[in-house]
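# Inside the fold
Chain by chain, the residues run as shown.
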Amino acid sequence: MERTEFQEKVIAAALAEGFTECEVYYRGGTSFEVLILEGEIASYENSRQEGLSFRGNFQGRTGYAYTERLEEAAIPFLLTGAKGNAALLTPEEKEELYEGEESYPLLVGVHEGLERLTPEEKIVAAKRMEQAALAGAEEIASLDYCVLGTALTEVAIKNSKGLDVSFAKNFATAYVSAIAKKGEETKTGSFFWKDRNWEGFDPEKTGREAAKRAAAHLGAASVPSGKYAVILDGKPMAALLGAFCGVFFAENAQKGFSLLQGKAGTKIASEQVTLRDDALLAGGYASTPFDSEGVSGKNKAIIEKGELKTLLYNRKSAKKDGVPSTGNGFKAALTGSVKTACTNFYLQKGEHTVERLIQEMQNGLLLTDFMGLHAGTNSVSGDFSLSAEGFLVENGQITRPVEQITIAGNFYRLLEKIEAVGEDLYFSSGGIGSPSVLAREMDIAGL
Amino acid sequence: MTAALESGADFAEVYAEETKRGHIAMVNGKVETALSGLDYGAGVRLFFGTHAIYGFTNDLSEENLIRIAKEGAAAMKGDRIYEPKGWRKMVKRCINPVRILPDSVAKGEKAEQLRLAAEAAKSYDPAISQTRTGFLEVQKHVLVANTEGIWGEEDRVRSRFTVEAVASSATEKQSGHLAPGGSEGYELFDRISVEAAAREAARTAVTMLKAKPCPAGQFPVVIDNGFGGVIFHEACGHGLEATAVARNASVFAGKLGEQIASPLVTAIDDGTIPNGWGSAEMDDEGTPTARNILIENGILKSYLVDRMNGRRMGAAITGSARRQDYRFAPTSRMTNTFIAAGESTPAEIIAATEYGLYAKQMGGGSVDPATGSFNFAVLEGYLIRNGKIAEPVRGATLIGKGAEVLLQIDMVGNNLARAQGMCGSKSGSIPTDVGQPMIRVGQMTVGGRG
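Residues numbered from 1 in each chain as written. Chains lettered and ligands numbered in written order. Predicted model: local features only at pLDDT ≥ 70, side-chain atom pairs only at ≥ 80, totals over all residues. Heavy atoms only, no water.

## A short note on helix 9 (residues 354-361) of chain A
Residue and element names in this part refer to chain A. Among the residues of helix 9, Leu357, Ile358 and Met361 are the ones counted as buried. All buried residues of helix 9 lie within an arc of 100 degrees about the axis, which places them on one face of the element. Looking at the buried positions of helix 9, the neighbouring elements they touch are strand 7 (226-232), strand 14 (364-371), strand 15 (383-394), strand 16 (397-410), strand 17 (420-421) and strand 20 (437-445). Remark: Gln362 follows helix 9 within two positions and exhibits a positive phi of approximately 65 degrees. (Buried < 20%, exposed > 50% of the residue type's maximum accessible area, 1.4 Å probe, protein only. Helix = DSSP H or I, 4+ residues; strand = E, 2+ residues; numbered from the N terminus. Arc of directions from axis to C-beta. Contact = heavy atoms within 4.5 Å.)

## Some words on the sheet that holds strand 12 (residues 291-296) of chain B
In sheet architecture, strand pairing relies on hydrogen bonds along the backbone and comes in two forms, parallel and antiparallel. All names here are of chain B. Pairing is mixed in the open sheet, where six strands are placed in the order 13-12-11-16-23-22. Single-partner strands in this sheet number two, and they are strand 13 (299-300) and strand 22 (417-425). Bridge analysis of strand 12 against strand 13 gives two bridges, and the strand direction is antiparallel. Opposite Ile295, over in strand 13, you have Leu300 as the bridge partner. (Pairing = 2+ DSSP bridges.)

## Quick look at the nonpolar core
All names here are of chain A. In terms of nonpolar packing, the biggest core is built from 51 residues, with Leu240, Phe248, Ile303, Leu365 and Ile407 touching the most fellow members. With five residues, helix 6 (residues 234-244) is the largest single contributor of residues to this core. Discounting residues that sit within four places of it in the chain, Leu365 has contacts with Val223, Tyr228, Ala229, Val230, Ile231, Phe391, Leu392, Val402, Ile405 and Ile444. (Core = buried A, V, L, I, M, F, W, Y, C linked by side-chain atoms within 4.5 Å.)

## A short note on the side chain of Thr335 of chain B
Residues and elements named next belong to chain B. Positionally, Thr335 belongs in the loop between strand 15 (331-332) and strand 16 (336-339). Polar side-chain contacts of Thr335 include one of 3.2 Å to the backbone nitrogen of Gly271. If near-sequence neighbours (up to four positions away) are discounted, Thr335 is found in contact with Asp269, Asp270, Gly271, Gly278, Arg322, Pro431, Thr432 and Asp433. (Polar contact = N/O pair within 3.5 Å; in protein donor to acceptor, adjacent residues only side chain to side chain.)

## Some remarks on the packing of aromatic side chains
Residues and elements named next belong to chain A. One pass over the structure, following the stated rule, counts 26 aromatic pairs over all chains. Measuring from ring centre to ring centre gives 5.2 Å for Phe19 and Phe54, while their planes differ by 85 degrees; the resulting arrangement is edge-to-face. Pair noted here: Phe19 is in the loop between helix 1 (3-16) and strand 1 (21-37) and Phe54 is in strand 2 (residues 40-58), with a separation of 35 residues, a long-range link. Note on Phe19: relative accessible area 2%, which makes it buried. (Phe/Tyr/Trp six-rings, centres within 6.5 Å; stacked < 30°, edge-to-face > 60°.)

## What about the domain arrangement of chain A?
Residues and elements named next belong to chain A. On domain assignment, one finds that chain A holds domain 1 (3-215) and domain 2 (221-447). The distance between the C-alpha centroids of domain 1 and domain 2 comes to 24 Å. Taken together, the contacts link 34 residues of domain 1 with 33 residues of domain 2. Counting the surface lost from both domain 1 and domain 2, the interface buries some 2,700 Å², and carbon and sulfur atoms represent 57% of this. Three residues, Tyr98, Pro105 and Leu107, lead the burial of domain 1 against domain 2; their summed loss comes to 16% of the area buried on that side. In this assembly, domain 1 and domain 2 are joined by four salt bridges. Across the pair Lys316 and Glu95 runs a salt bridge, and its minimum N-O distance is 4.0 Å. Across the domain 1-domain 2 interface, the total number found is eleven residue pairs in polar contact (both at pLDDT 80 or more). Those elements that provide at least two residues to the side of domain 1 that touches domain 2 are strand 1, strand 2, strand 3 (61-67), strand 4 (140-159), strand 5 (164-182) and strand 6 (185-195). Considered class by class, the residues forming the side of domain 1 that touches domain 2 number 16 nonpolar, six polar and twelve charged. (Domains from an automatic or database assignment. Buried area = accessible area lost by both parts, 1.4 Å probe. Salt bridge = Lys/Arg side-chain N within 4 Å of Asp/Glu carboxyl O. Nonpolar A, V, L, I, M, F, W, Y, C, P; charged D, E, K, R; others polar.)

## Brief notes about the environment of His233 of chain B
Residue and element names in this part refer to chain B. Its location among the elements puts His233 in helix 6 (residues 230-235). Distance in space between the C-alpha atoms of His233 and Asn336 is 9.7 Å, their sequence separation being 103 residues. Those residues in contact with His233 that sit more than four places away from it in its chain are His238, Met334, Cys423, Thr432 and Val434.

This is the structure we're talking about:
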């Protein structure tokens, strides 16, 4: 059934069943992905999917249910499920639906050039990445991954209070992971690109970078345990920000799952730290004119020069604190209710080149990757203990690659310790970004 | 499928599912989330020799499925036309009998179990400041049919209870959690005591609150049974999946018949354990699940092989092809994977360790299959001094390389236990059991802050 028609049918059926107000959130899209190995298509995927999530107020309580079956037969399942779920919740948890705003920021979501691209053109680009990676360094034995993908997603929200918004966006992604071998030693290195500007994509550079990174880590060894000055480059720092972004959610703070409750207006980080969540960032992966509740997207400083300015709010947590929503009420998936999520969440870049940071550090470690983020971090206490790799820096020079070490610390303490910030802002696949940062006195376990 | 074969594919498969899901979660004894939903979709997979293409959709009309098959096929060109074979229905073994379908139980009753658990955790110790409890239910109907004549259908039911307790002091927060479950119905709650599980989670949190940071360095590590099996899952299991082996991206590729682990190690992947979290009648290619011996007395015996990688490797399939749902093409994955019981008692293992780390509860971890480098977190750890368990330590991480650690296992206990996890990899997030008896690794790198 056509999307708008089905949304309207569900709303009408719900109101007839006794829901006082209700909302239908739709998400759909298409995606394409090709994996090239040894010059041939190793896997090829093509999809079209959609689904919708219903929420409605029944007898003073809010209930949710979702379906991927957009057929009339699924409507009774949705409404019965939502009623049963509503009954478990207390009236205090009732969610007021949002009538929407006068106007929303104008964002360009769909890049037409990308939509016009044929599968054959994408396959050719992926093959070029592979060739560049294989030729990118002498020690490259094979590739782990060489993937090119495109995706178009559309979100449309309609409710019984008049909210009616929709936004579509598309993206291309390329990822190469190369395996370098020397004797018995094996190292992997990867490079990732994501943008909607296909014309700006350089397949050769993507492949070559992955190869270079793999080869650069050959000959890596551990270092003696101890306290080190450390430069975290954008990739591991963005990963760390991603693992701990939840501490900035008011929802978590209110429940005691963050140590930042009541800290707004106080200094929680070094002067160098300005952390933003910008839903309107031009070309940003997570840019959106509205969140999953229909609240308009905004550009916020969460930390400005070390001072905590605001937490991130959805409508529910905002109401609790008596402030407006920051437009961070998102559903991770159809299966979820509205929680809090970041948009384009990044540490603002500074002025130093990486070379300059290395000079400033003189002796220490330049870390380029973390492993095990889902396991080695405690989102409540801020503690982390992570396996890392990178390079040893001696007298302001990179001297050799480093592996088999762990870095342990605490996210809150790290924010206080950041001494200098690079100009090399990097964004990960999820829209979380960071430049390189320098911090001293970090605990490293190695030999 | 006829449409797919007409395009020159030599194999075609349709996977379809309709899945009812339910989730109730409480924070501090109060319902926070109550969700239900319907997943619905199909995936079409075509093989052209050793190349595969995959497409999926929520629109299960005949017209749309044929369109998906043809669109996919347009990317490849086959050189001959194959004929589909007649269907053979799969014979059921009743591996996961279910007594009470979760959706037949009132939501209020489920919430009551969660409330009891929250209360038990909270009253365990005044330091317990927060609790989270949850119940997850899945009722999935799957159909797999392919041009080799497979026609398999299965109703898969899963239930899981989760509890997390957070202990706080003025400056610290520590948490403990447990999440028992199985391919079973609501009778899960007859098998487990939610209160006992909640108290256990609370005990870990309170113990760790008082713990000092773990010293870093290299020393013997004793890893306890149950979720401790995550070491094998990460350090070895992923490297035995044909997904990695076929691409020569595993340190265990080309090592069949060789000694890859200590002679004390026998490891098994068994998708047929009754009501096991990772058990099923068939895998997601419609092949009956099996008990596969991966390592026997340290010798590598078998990989986990799916249909496509079986073609690439010239190896027999092992009933190990799994996928999260219709959005994913299946690939070789673990089911219920464990190190078999040995002969030492846990007391003997501790007593034989002069100084080391006792990892009583493990957290999750990850591995790079190409290099075998892994890392995982210790949720509850203690130092061992003079053959006795001494003070608790927190913040420990174990890192190493799978191939090396397997050879360094120097004691294997007799107390095999399994625990439930969700394993994320190429074909999505799937339920897998990890397991082992208590084991000792002669030397490991431990990361910590002490």
